[in-house]
Amino acid sequence: MSILKIAKYAKHFDLLVVYESGVDLPFRESAESVFRTSDFRSFDEIQIDASPLSCHLFILCGTASFLRGPDLKNSISLVQSLESVLLTSDFKDINVLRTALSLRMSAVNNIPKNEEEFAQVMMGIFSTLVKKHNESILSNYDRTISEYSNNLFWIHKEGKAVYANDTIKRKFGIKSLGDFDCYFEEKEMASLIKTSGFAQKIISRKDINGESKEYFVTNQPLKESEFLVSMIPLIAPIQKCDKQLHNRMGFIELLKDAFVIHKRENEAIPVIIMYIENSDKIIEMRGEDIYNEVCKEILKLAEVHFDHDTQMAQWHKDIYTLISSSLTLDELKHRLQRFHENLNLEISIEGASPVIDSFIIDMHGVELNKAIGIIDHINQKQLLSRDLAHLVHFQISAAPKEVDEKTQALHYLEKMIMTKTSVKLLNFYKGIRISTAARIVKISNDLVYVAIEKMQGYAMKLEGNVVIQGTNIPFDILANVKIVDVGKKIAVLSNFEPLEASGNNRQYIRIQSDHRMHVTISTAKSVMSGTILDISIKSIACKLSVSKVPLKLDSKVSLQFNLPLERFDGGMVTMAVAGRIQYIQEGDEFTKVVVELNLMEPYESYLIEYIYARQQALVNEIKTIANKL
C-alpha cells in the first residue's frame, strides 16, 4: 500500500507521538512526510513540560514494562485528541491490552517497521478519525452559534454557506445550502458578506410567506476564513408560528430583567421548568434525531398554549424553561394544565412520546444564583427541601388519577399500545442476557398481551417473570408471566412492579455450567466441598453441604475446581484461586456462599476464555430449543 494513499487524509490532521526513550521509530520519516504537522516527544519530555497538548491523532509507543509505569496515565491525560493508538512490540501481552483499555486507546498494533506497514495501520483508523473530525467541526459550530446569537444565523466561507441553523431555513423556506447561496446573492447581502472584517447593516428580506421584514444583520470573522452572519428581526423575533428559543445564558438575562422590574413590587415571578423525564430512553432506543423531533413538537405545542410574549429557553438537552411578563400565576397554572392534557394526545414521533414533569417556581425574593441553582437541581434530579418552599405547582404528563407506581406502570404500557410503540423484554438464561423487541397487542383487566420472539418466550417460561423496558417508560417494569405460548409467540403478563434499578445494571455475566462442577473451599480451620451454581469473572456462587464450622463474612478462603477448556489435556484445567466470602445464606439442607475472587494470571485468562465459550454455547442452545417448540 503506497504512502500516497493515506496522504490525502493525513494532510488535514495533526499528529502527536509520545514514545519510550530508546524505542526505535522506523515510521517517523513516513509520518512527518504526510501529516499536516507531526510532533515526536519522548515520555521524559512530556513529564518535564507537564503542559496540556492537543492533536487530532495521538500515538503512544513503548514496551510492556514502560506501559506499567505509575506516572504514565497521569501524564497521558494531558493529551487531548480525537483518536489514540498504541504501538508496541509486545502486541500479544494481555497486560498491554488491559493498559490500552484503561488509557481508552482505540487500537493496538505492532510498531510499523517500514512505510508499507505504517500506511496499513493508518488506513485502519482513518475512517473513525475522519468521522470524529467532522463531528467535532459541527460541535464547534454549535458552540460558536450558542455564544454569538439566539436568532437567525449562518456560517459562510469564501462566500459559500457551510452551516445554517434550522430557524433560518424554516423562515426563508431554504432546503439545502446550495439554495441558501442563491437566496442571499442579492446586492445588499452580497456586499455585506464580502467584507473582510466586522460589518453590520439593516437589510429588508421577504420570508417564505412573502412577508417583508427588516433585520439587523452582522457579519463577523471567526477563523480559517469563516464568517458568522447573525440576523436579528427588528419588529418581533420569529413571528407567528415560531418563538425565539433562548439558550441557558439568554434565559439568565431574562431572569435578571424580571428581578429588576419586580424588585420593589410584591408580585410573583413565576418560571416554568419542563423536565423530559424519559429523554435518555428515547435517545437510547430511537436515536437523537427522533428525540430532536419530539423536542420540536413540544415547543410547537407550547407556542399554542402560552402567550406570544412568553419566552422559552433550552436550559439543558432535557430541560426547557419559560417566563412570561403578562400572565398571572393562576393563568400560568391553567395554561400549563391544558398543555399537559394535549401533550398525551398530540405528541408521538415513531412511537416515542415524552413524559414531562413541569414545575412552576415563584422566583420572587430569590437571589439570581439561588434561582439558577433551583433550576439546576431539577435538571440533576436533586430538588432540595429548601427549593420546595418556592414550588407553586407541579404537573406530570401521566394521568392525574394515578397515585401509586404499580397503576402508573400499567398506564405507561397503555400509552405504548395507543402509540404502537414496541418494548424490550429482558430475561436471563443460565446467566446470559436475553433481550428482544416485543409488541403490546392487547390490555384487558390489568393483563397485558404481548407478541414475542421464540427465544425470549422460552426464557420467560423458565424464569416465570420478565423485565419490560421502553422509551416512554421512565423506569423498568417487572411483570409476572401468567401464560406463555412459545410456538404461537404470545405471552400474557400480570402484576406490574416498577424497579428502582435498571434491569441492565448487572455488571458481569454469570454463567451456569452444562455439568456438575465440584469445588473445594478451604478456610483457616476446615475444608468444605460443594458444587458451583454460577460463575463470573469476579465471583463464584457455591452450594455447600451444611458444615459444623461456622462461616464468616469477609473471611479469606482458597478454592480449587476443574474448569472445562478443550485445549487442555482431558478438556479440563485445574483452578487454584483465592477469594473472600461476601454472602452467606444458610439453610436446613445446604448453605449458599458467594465468594469474591482475587484472580491472578494465568487463571484470569482461563476464566475469561471459559465464560466467552460457554456464553456462545448457551446462545446456540436456547435458539435450538426455542425453534423446536
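Remember, it's a predicted structure, so these values are computed and weren't measured experimentally.

(A) Focus on the packing of aromatic side chains. With the rule as written, the count across this model stands at 12 aromatic pairs. Taken together, a centroid distance of 5.6 Å and an interplanar angle of 35 degrees make the contact between Y9 and F126 tilted. Separated by 117 residues along the polypeptide, Y9 in helix α1 (residues 4-10) and F126 in helix α7 (residues 115-148) bring together distant segments of the chain. Y9 gets classed as partly exposed once you look at its relative accessible area, which sits at 30%. Seen from their ring centres, F27 and F118 are 5.5 Å apart, and the 10 degrees between their planes marks the pair as stacked. Here F118 lies in helix α7 and F27 lies in the loop between β1 (14-19) and α2 (28-34), a separation of 91 residues in the sequence. The exposure class of F118 is buried, given its relative accessible area of 0%.

(B) Seen up close, the nonpolar core. Membership of the largest hydrophobic core comes to 38 residues, with the highest contact counts inside it found for L559, F561, L563 and L607. Per-element accounting of this core gives the leading share, seven residues, to helix α19 (residues 603-628). Contact partners of L563, with chain neighbours within four places excluded, come to M517, G571, M572, V573, M575, Y606, L607 and Y610. By size, the runner-up hydrophobic cluster in this structure holds 29 residues, among which are Y19, V34, A107 and A119.

(C) Expanded view of the pairing of strand β9 (residues 160-164). Bridge count between strand β8 (residues 152-157) and β9: four bridges; the pairing is antiparallel. Across the sheet, the residue bridging to H156 is A161, located in β9. As consecutive antiparallel partners, β8 and β9 are separated by two residues, and within that stretch E158 has a phi angle of approximately 55 degrees, a positive value.

(D) Focus on helix α12 (residues 279-286). Listed as buried for α12 are S279, K281 and I282. The buried side chains of α12 occupy one side of the element, clustering within an arc of 165 degrees when seen end-on. G287, located one to two residues past α12, shows a positive phi value of around 100 degrees.

(E) Seen up close, the sheet that holds strand β15 (residues 311-316). The sheet built from six strands is open, its strands ordered β13-β15-β16-β14-β17-β18 with mixed pairing. The open sheet has two edge strands with one neighbour each: β13 (245-246) and β18 (391-396). With five bridges connecting them, strand β14 (residues 270-276) and strand β16 (residues 319-323) associate as antiparallel partners. Pairing of Y275 across the sheet is with I319, part of β16. Along the sheet, helix α11 (residues 248-261) contacts β13, β14, β15 and β16; its crossing angle with β15, the most-contacted strand, is approximately 130 degrees.

(F) Looking closely at the pattern of salt bridges. Within this structure, the stated rule accounts for 17 salt bridges. With a shortest N-O distance of 2.9 Å, D376 and R248 are connected by a salt bridge. Within this pair, whereas D376 is found in helix α15 (residues 368-379), its partner R248 is found in helix α11, the two being separated by 128 residues in sequence. On the basis of relative accessibility, which here comes to 29%, the residue R248 falls in the partly exposed class. Shared partners join several salt bridges into a network, and the residues in it are R98, E601 and E604.

(G) Focus on helix α18 (residues 454-463). Taken residue by residue, α18 has M455, Q456, G457, Y458, A459 and M460 as its buried positions. The first or second residue beyond α18 is G464, which carries a positive phi of 85 degrees.

(H) Expanded view of the packing of α11 against α15. Between α11 and α15, the least distance of the axes is 11 Å, while the angle of their chain directions is 135 degrees. Judged by the inter-axis angle, α11 sits oblique to α15. The crossing of α11 and α15 is right-handed. Listed contacts from α15 to R248, F251, I252, L255, K256 and F259 of α11 are L368, A371, I372, I375 and D376. Of the residues assigned to the contact of α11 with α15, the class counts are eight nonpolar, no polar and three charged.

Conventions and cut-offs
- Residues numbered from 1 in each chain as written.
- Predicted model: local features only at pLDDT ≥ 70, side-chain atom pairs only at ≥ 80, totals over all residues.
- Heavy atoms only, no water.
- Phe/Tyr/Trp six-rings, centres within 6.5 Å; stacked < 30°, edge-to-face > 60°.
- Helix = DSSP H or I, 4+ residues; strand = E, 2+ residues; numbered from the N terminus.
- Buried < 20%, exposed > 50% of the residue type's maximum accessible area, 1.4 Å probe, protein only.
- Core = buried A, V, L, I, M, F, W, Y, C linked by side-chain atoms within 4.5 Å.
- Contact = heavy atoms within 4.5 Å.
- Pairing = 2+ DSSP bridges.
- Arc of directions from axis to C-beta.
- Axes fitted to C-alpha atoms, helices over the stretch in contact; angles between N-to-C directions.
- Salt bridge = Lys/Arg side-chain N within 4 Å of Asp/Glu carboxyl O.
- Parallel < 35°, antiparallel > 145°, perpendicular 65-115°, else oblique.
- Left-handed = near helix turned anticlockwise from the far one by under 90°.
- Nonpolar A, V, L, I, M, F, W, Y, C, P; charged D, E, K, R; others polar.

Spatial relationships are all this shows, so hold off on functional conclusions.
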